[in-house]
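As a plain string of letters, each chain reads:
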Amino acid sequence: MRASARDEEYTAYMTARLPWLQRVAYLLCQDWDRADDLVQTAMTRLYVNWRRAGAVENLDGYARTVLVRVFLSEQRTGWWKRVAVGSDPPEPAVTTDHDARLDLRTALAALPPRQRAAVVLRFYCDLSVEQTADVMHCSTGNVKSQTARGLAALRRAFEPAGVQEGES
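Here's a quick rundown of the structure. Because the structure is predicted, anything quoted here is derived from the model rather than measured.

### Some points on the packing of helix H1 (residues 3-29) against helix H4 (residues 59-77)
Phase 1: Where H1 meets H4, the closest approach of the two axes is 10 Å, and the angle between their N-to-C directions is 40 degrees. In terms of axis orientation, H1 runs oblique to H4. Relative to H4, the crossing made by H1 is right-handed. Contact residues: H1 offers Tyr13, Arg17, Trp20, Leu21, Val24, Ala25, Leu28 and Cys29, while H4 offers Leu59, Asp60, Ala63, Arg64, Leu67, Val68 and Phe71.

### A short note on the environment of tyrosine 124
Phase 1: Here tyrosine 124 shows up in helix H7 (residues 113-124).
Phase 2: Linking tyrosine 124 and arginine 23, residues 101 residues apart in sequence, is a C-alpha distance of 9.8 Å.
Phase 3: Setting aside residues no more than four positions away along its own chain, tyrosine 124 makes contact with Arg23, Val24, Leu27 and Val119.
Phase 4: Among the polar contacts made by the side chain of tyrosine 124, one reaches the side chain of arginine 23 at a distance of 3.2 Å.

### A look at the packing of aromatic side chains
Phase 1: As enumerated under the stated definition, the model contains four aromatic pairs in all.
Phase 2: A centroid spacing of 5.8 Å and a plane angle of 45 degrees characterise the contact between tyrosine 13 and tryptophan 50, whose relative ring orientation is tilted. One end of the pair, tyrosine 13, is in helix H1; the other, tryptophan 50, is in helix H3 (residues 50-54), with 37 residues separating them in the sequence. The same class applies to tyrosine 13 and to tryptophan 50, which are both buried.
Phase 3: With 4.2 Å between their ring centres and 15 degrees between their planes, tyrosine 26 and tryptophan 32 make a pair best called stacked.

### Here we look at unusual backbone geometry
Phase 1: The backbone of aspartate 126 shows a phi angle near 60 degrees, a positive value even though the residue is not glycine.
Phase 2: Within the fold, aspartate 126 resides in the loop between H7 and helix H8 (129-136).

### So, the packing of H1 against helix H2 (residues 32-48)
Phase 1: Relative to each other, H1 and H2 sit at 145 degrees, their axes nearing to 9 Å. As H1 runs across H2, the sense of the crossing is right-handed. In contact with Arg6, Asp7, Tyr10, Tyr13, Met14, Leu18, Leu21, Gln22, Ala25, Tyr26 and Cys29 of H1, H2 contributes Trp32, Arg34, Ala35, Asp36, Leu38, Val39, Met43, Thr44, Leu46 and Tyr47.
Phase 2: Split by residue class, the contact of H1 with H2 holds 15 nonpolar, two polar and four charged.

Conventions adopted
Each chain carries its own residue numbering, running from 1 in the written order of its sequence. Thresholds applied to this predicted model are a pLDDT of at least 70 for local features of residues and 80 or more for the giving and counting of side-chain atom pairs; totals over whole chains, interfaces and linings are not thresholded and use all residues. Note that water and hydrogens are dropped before the side-chain values are worked out from all heavy atoms of the structure. What counts as an axis is a line fitted to C-alpha atoms, over the stretch in contact for a helix, and the angles between N-to-C directions run from 0 to 180 degrees. Put simply, DSSP H or I for four residues or longer makes a helix, DSSP E for two residues or longer makes a strand, and each gets a number counted from the N terminus. Just so you know how the angles are binned, under 35 degrees is roughly parallel, over 145 roughly antiparallel, 65 to 115 roughly perpendicular, and the rest oblique. Whether a crossing is left-handed or right-handed is set by the direction in which the near helix is turned from the far one by less than a right angle, anticlockwise for left-handed and clockwise for right-handed. In this description, contact between two residues means that some pair of their heavy atoms is separated by no more than 4.5 Å. As used in this structure description, the phrase polar contact means that two N or O atoms lie within 3.5 Å; if the pair is within protein, one of them must be able to donate a hydrogen and the other to accept it, and residues adjacent in sequence are counted only when both atoms belong to side chains. In this analysis, rings of Phe, Tyr and Trp, with Trp reduced to its six-membered ring, are considered paired at centre separations within 6.5 Å, and the interplanar angle assigns stacked below 30 degrees, edge-to-face beyond 60, and tilted for intermediate values. Each residue is placed in one exposure class: buried if its accessible area under a 1.4 Å probe, protein chains only, is under 20% of its type's maximum, exposed if it is over 50%, and partly exposed if it falls in between. Ten residue types, Ala, Val, Leu, Ile, Met, Phe, Trp, Tyr, Cys and Pro, are classed as nonpolar, four, Asp, Glu, Lys and Arg, as charged, and the remainder, Gly among them, as polar.

As structure tokens, then:
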């Protein structure tokens, strides 16, 4: 494939899928500026490996995998803890229940990174346990436990004050 044709194909794909990648990145890191950085790094890696990416059956899955691995890699390095980020710009409203969205984002942000990644991949990206394990480079059992712990933490975050576990 000619370099210019490859570049055109890459540009067309990224133009169409950029908003989706940004939303996934935001759900992972809970910060629009950092999400843009994650997407930029993922886009660069995708471009470098575009020939291989173009040969896969599910290009969106490949791009999502690159993005999640960039996120998890940065979580291990801790650079994001050293960077002070200002307030987030408001997210464009899609639903009318802003309070519920804010509560969910706050609860999601409180999850540890691997639990957050598992929950986002399983329920926002609608991946199977096996697909999530492949993206996260871990076992299916690890995905199940991370997802279960993440969901339990989200449920606890939405329990009314004073309600103990086991009470109805």
